[in-house]
Amino acid sequence: MAIDLQNKPEQTEYLDSHTKPRFSVGLELATLITSCGILDRAWQGIYNVSKNNVDFFSQTEIEGVAYVTFPSFSTKDFIATDSRYGEYNIQKEEIFSPCLRGDADKPAFVHKGAFDRFQRILESSDFKDKIEGLKSQAIIFVGHSMGGAVATLVTLWYLQNKARHKSSCFCITFGSPLVGNAILGEATGREGWTGKFCHVVSKYDIVPRMLLAPFESIAEPLSALVHHWRRIMASDSDAVTLPCIPLSLLEVVLNCTSTIANNYPGESGVTSPYRPFGTYMLCSTQGAVSVEDSEAALKMLYFTMQGMHSCQLAGTCALYHTGYRQILEAITKDLLNVRPITDIDRDSFEMGIVLESEAMAIGPQASSALREAGEKKNKQDMNIEKLNNELSEMQSYMAEVEWYKALCKKGSGYYDSFKNVSEKRDIRVNLLREKLTTFWQDIVEKEEKHVLPSDFRCQNKWINAGTAYRRLVEPLDIAHYYHMRKDSKKYLSNEVRPYHHRVLEKWMDEKEQTRTGRPKKNRINFASLTLDSCFWARLEEANRALTSLPQEQEQHQVMNDSLRESREFEKHICNMIRDKSISEEVFLKESSLMIWWEQYISYLQDYFPQWMSGFPTEPICNFMKSVFGSWDLAQGFGKFCLLPLIAAMESTVENYLMGFFGKLSYGLYAKLILYVL
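Let us look at the structure shown here. (Residues numbered from 1 in each chain as written. Predicted model: local features only at pLDDT ≥ 70, side-chain atom pairs only at ≥ 80, totals over all residues. Heavy atoms only, no water.)

A few words now on the overall build of the chain. When its secondary structure is counted, the chain shows 31 helices and nine strands. Per-residue burial over the chain gives 51% buried out of 677 residues. Long-range contacts, defined here as pairs at least 24 residues apart, represent 76% of the contacts in the chain between residues at least 6 apart. Working note: accessible area of the chain is about 32,100 Å², and carbon and sulfur atoms make up 51% of it. (Helix = DSSP H or I, 4+ residues; strand = E, 2+ residues; numbered from the N terminus. Buried < 20%, exposed > 50% of the residue type's maximum accessible area, 1.4 Å probe, protein only. Contact = heavy atoms within 4.5 Å. Areas by Shrake-Rupley, 256 points an atom, 1.4 Å probe, with all protein chains shown as cover.)

Dropping the structure here:
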């Protein structure tokens, strides 16, 4: 039954009427992480590697969980002077998969010192062998200071190769500097890996904020501090006197953090590229709060340091970088305390914000950042719920287009039928096409405005739905364009091809990049939908190239040059036949492809007799030769149907027909074979 698109009831907007979230779980999440004991074990591992002066990493197993710990840094690791902020473009580094590296326009950056140390660990130690030899159910990568940045990069490396590894993984860092830019953070969110990182940050620890300032302003005072921090970690902290952090260093770091957190324009429009990603557990001796939103985490890194005067902060904040053991002990003791609720008139969400503010002893600006993060997450969840409801309706439209496609198999196929607009049902399908297009354009727009969850574009549900839509409906968009075209622009140009199709294809490609470690299964049957959604656009351009070829036989060289586009399309068809990524419907007798093929063969026969008699080595001709044994028979057969091309994939024509058309009656097989012959 057809669905009435024009008189459908208005979509209920109840989702938009409740924009306030019901709960704030930052405090509960931090309590859960602390109470399970993994933070204490992780910090003990850091203390051990510092005490034993471990160079690369150490490995221990506790209760079936492997803890792989990376030591703190030296000044050489931290100070990277090749660029203003020490950032390094990993676009060409194959150690990371393409899904993490970004692209030429928006490359991913990481801290050069952390990357160099990470690379040395992979190349100069037995790290890979030990990791692959682990039989633990889970691996936790742990690091303090620059070791935390290294642990973060190692975790990304492990996750991208998860098909090769049997154990699940998690990353815990203490006082780690920021390690990557927003592009890397977005890639991590797309892959659904944000929850794999827990960054523990003390309220007054300056190191997690340090890389927001240029190296030229922090290098000299930082060098002195690193020496003392290493001595503290390698010995009893009471035996080492730690100097005050220079007030100039503190002010530079706070000013740069403020500039970025408050979205002020930086000096000459340039600010640090580093941004948080993962879950940030911001803690003090009074409690802890977990923040998952990157923007909120960045603001909290600034606002949580505002509770103390600069002079007082300079005299004490150096201790906070190495004092995580005392902070964890204080938080653990506080778990048994019940925080009183003073204002029972507040709703549950506001009470959660109040309790989180009390746990961190933060001011109204930091509380506002937590509130905004909660509201942002709630709006994202509501948008997903609304899209889920709309997707159900869109799937009914897709089913109707599929039915139209099946009906058109009796003629020239749904592409040619829609392009010619010869029946009333073609108009109906055009209306469905426009509705589906509006839906997916809205999704792409929402995702780029960051009003959907960060991992939305890597969720299998939406990747599969978007790919099915693109493969089914984009051929209709192509048909509509070439039916209405009034200029010579190609559909495949960015100027013509709809933006949302390009984005959906990019999402699918990014998802495929994370599956490269899995064995690829060969297709048994041909695709129900041609996997190349732009196949018909390539055909239209190949057909145009063919009709524009010169008709004078003496212009052989010109013809050779002009045939290049048709030859490329010919090879493309053969690759799709070989991979079985093409739909059977494109080979219908009256389809545009069959018309092009007949004209193509006829042209070659008329103007390239020497090419034909020499039996060329092009893929299509090789397919024909393998089936028919001679080019003459293949050539005559090809004028009626492209089945010889595909028949080469089977041992006999009969087996091919059975595999291609499924379980048909023997009578229909006989009629089909007689028709072809």
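On the basis of which strands lie adjacent, the open sheet formed by seven strands has the order β1-β2-β5-β6-β7-β8-β9 and mixed pairing. If you trace the sheet from one side to the other, it starts and ends with β1 (58–62) and β9 (287–291), each paired once. Each strand of the sheet is rotated relative to its neighbour by a mean of 20 degrees, with strand direction disregarded. In this structure, strand β7 (residues 197–202) lies alongside strand β8 (residues 279–284), joined through five bridges in parallel fashion. Bridging across to β8, Ser202 finds its partner in Cys283. (Pairing = 2+ DSSP bridges. Axes fitted to C-alpha atoms, helices over the stretch in contact; angles between N-to-C directions.)

Our focus in this paragraph is the pairing of strand β5 (residues 138–144). Where a strand is regular, its side chains alternate between the two sheet faces. Most of β5 is tucked away: seven of the seven residues are buried. Residues Ala138, Ile140, Val142 and His144 line one face of β5 and the alternating positions Ile139, Phe141 and Gly143 line the opposite face, and both faces are buried. With six bridges connecting them, strand β2 (residues 65–70) and β5 associate as parallel partners. The residue bridging Thr69 from the neighbouring strand is Val142, located in β5.

Below, the discussion takes up the nonpolar core. By size, the foremost hydrophobic cluster in this structure holds 63 residues, and its most contacted members are Phe535, Leu593 and Trp596. Taken together, the elements giving at least two residues each to this core come down to α17 (364–407), α18 (414–420), α19 (424–448), α20 (460–484), α21 (499–513), α22 (535–547), α24 (564–579) and α25 (592–607). Non-local contacts of Trp596, meaning those with residues more than four positions away in its chain, are made with Leu539, Ala542, Asn543, Leu546, Ser566, Phe569 and Ile573. In this structure, Ile218, Ile260, Leu298 and Ala318 belong to the second largest nonpolar core, which totals 51 residues. (Core = buried A, V, L, I, M, F, W, Y, C linked by side-chain atoms within 4.5 Å.)

Bringing the environment of Glu584 into the picture now. Position of Glu584 among the secondary structure elements: in the loop between α24 and α25. Looking at Glu584, the relative accessible area reads 27%, which means it is partly exposed. For the pair Glu584 and Lys409, spaced 175 residues apart in sequence, the C-alpha to C-alpha distance is 9.6 Å.

With that out of the way, let us pick up the pattern of salt bridges. Counted according to the given criterion, the structure contains 23 salt bridges. Arg433 is paired through a salt bridge with Asp477; the nearest N and O atoms lie 2.7 Å apart. Pair noted here: Arg433 is in helix α19 and Asp477 is in helix α20, with a separation of 44 residues, a long-range link. Exposure class is identical for Arg433 and Asp477. Each is buried. Between Glu541 and Arg544 there is a salt bridge whose closest N-O contact spans 2.7 Å. Note that Glu541 and Arg544 are positioned in helix α22 at a spacing of three residues, about one turn of the helix. Residue Glu541 is classed as buried on the basis of its relative accessible area, which comes to 4%. Among the residues examined, Arg544 registers a relative accessible area of 26% and is labelled partly exposed. Taken together, the shared-partner salt bridges connect Glu295, Lys299 and Glu372 into one network. (Salt bridge = Lys/Arg side-chain N within 4 Å of Asp/Glu carboxyl O.)

The next thing to look at is the packing of α22 against α25. For any two helices packed against each other, the geometry is given by the interaxial angle and the distance between the axes. Viewed as axis vectors pointing N to C, α22 and α25 meet at an angle of 30 degrees, and their least axial separation amounts to 10 Å. Here α22 lies roughly parallel to α25, going by the angle between them. Like other packed secondary-structure pairs, α22 and α25 cross with a definite hand, here left-handed. Residues Phe535, Trp536, Leu539, Ala542, Asn543 and Leu546 of α22 form the contact with α25, whose participating residues are Ser592, Leu593, Trp596, Gln599, Tyr600 and Tyr603. (Parallel < 35°, antiparallel > 145°, perpendicular 65-115°, else oblique. Left-handed = near helix turned anticlockwise from the far one by under 90°.)

For the rest of this paragraph, the subject is the environment of Arg230. Within the fold, Arg230 resides in helix α11 (residues 215–234). With 179 residues separating them along the chain, Arg230 and Lys51 place their C-alpha atoms 9.7 Å apart.

Attention shifts here to α19. Over its 25 residues, α19 extends 37 Å from the first C-alpha to the last, a length consistent with the 36 Å expected when each residue adds 1.5 Å. One or two positions beyond α19, positive phi appears at His450, with a value near 60 degrees. (Expected span 1.5 Å × (residues − 1).)

With that settled, the discussion passes to the packing of aromatic side chains. Considering all chains together, one arrives at 28 aromatic pairs under this definition. A centroid spacing of 5.6 Å and a plane angle of 65 degrees characterise the contact between Phe141 and Tyr158, whose relative ring orientation is edge-to-face. With Phe141 in strand β5 and Tyr158 in helix α8 (residues 146–160), the pair connects residues that are 17 residues apart, well separated along the chain. By the burial criterion, Phe141 is buried, and Tyr158 matches it. Ring geometry for Trp596 versus Tyr600: centroids 4.8 Å apart, planes at 10 degrees, classification stacked. Of this pair, Trp596 and Tyr600 both sit in helix α25, four residues apart, which is roughly one turn of that helix. Assessed through its relative accessible area of 0%, Trp596 is described here as buried. For Tyr600, a relative accessible area of 1% gives the class buried. Three or more aromatic residues joined by ring pairs form one cluster here, namely Tyr415, Phe535, Trp536, Phe569, Trp596, Trp597 and Tyr600. The lysine or arginine in question, Lys405, covers the ring of Tyr414, its NZ or CZ lying 6.0 Å from the ring centre. (Phe/Tyr/Trp six-rings, centres within 6.5 Å; stacked < 30°, edge-to-face > 60°. Lys NZ or Arg CZ within 6 Å of the ring centre and 35° of its normal.)

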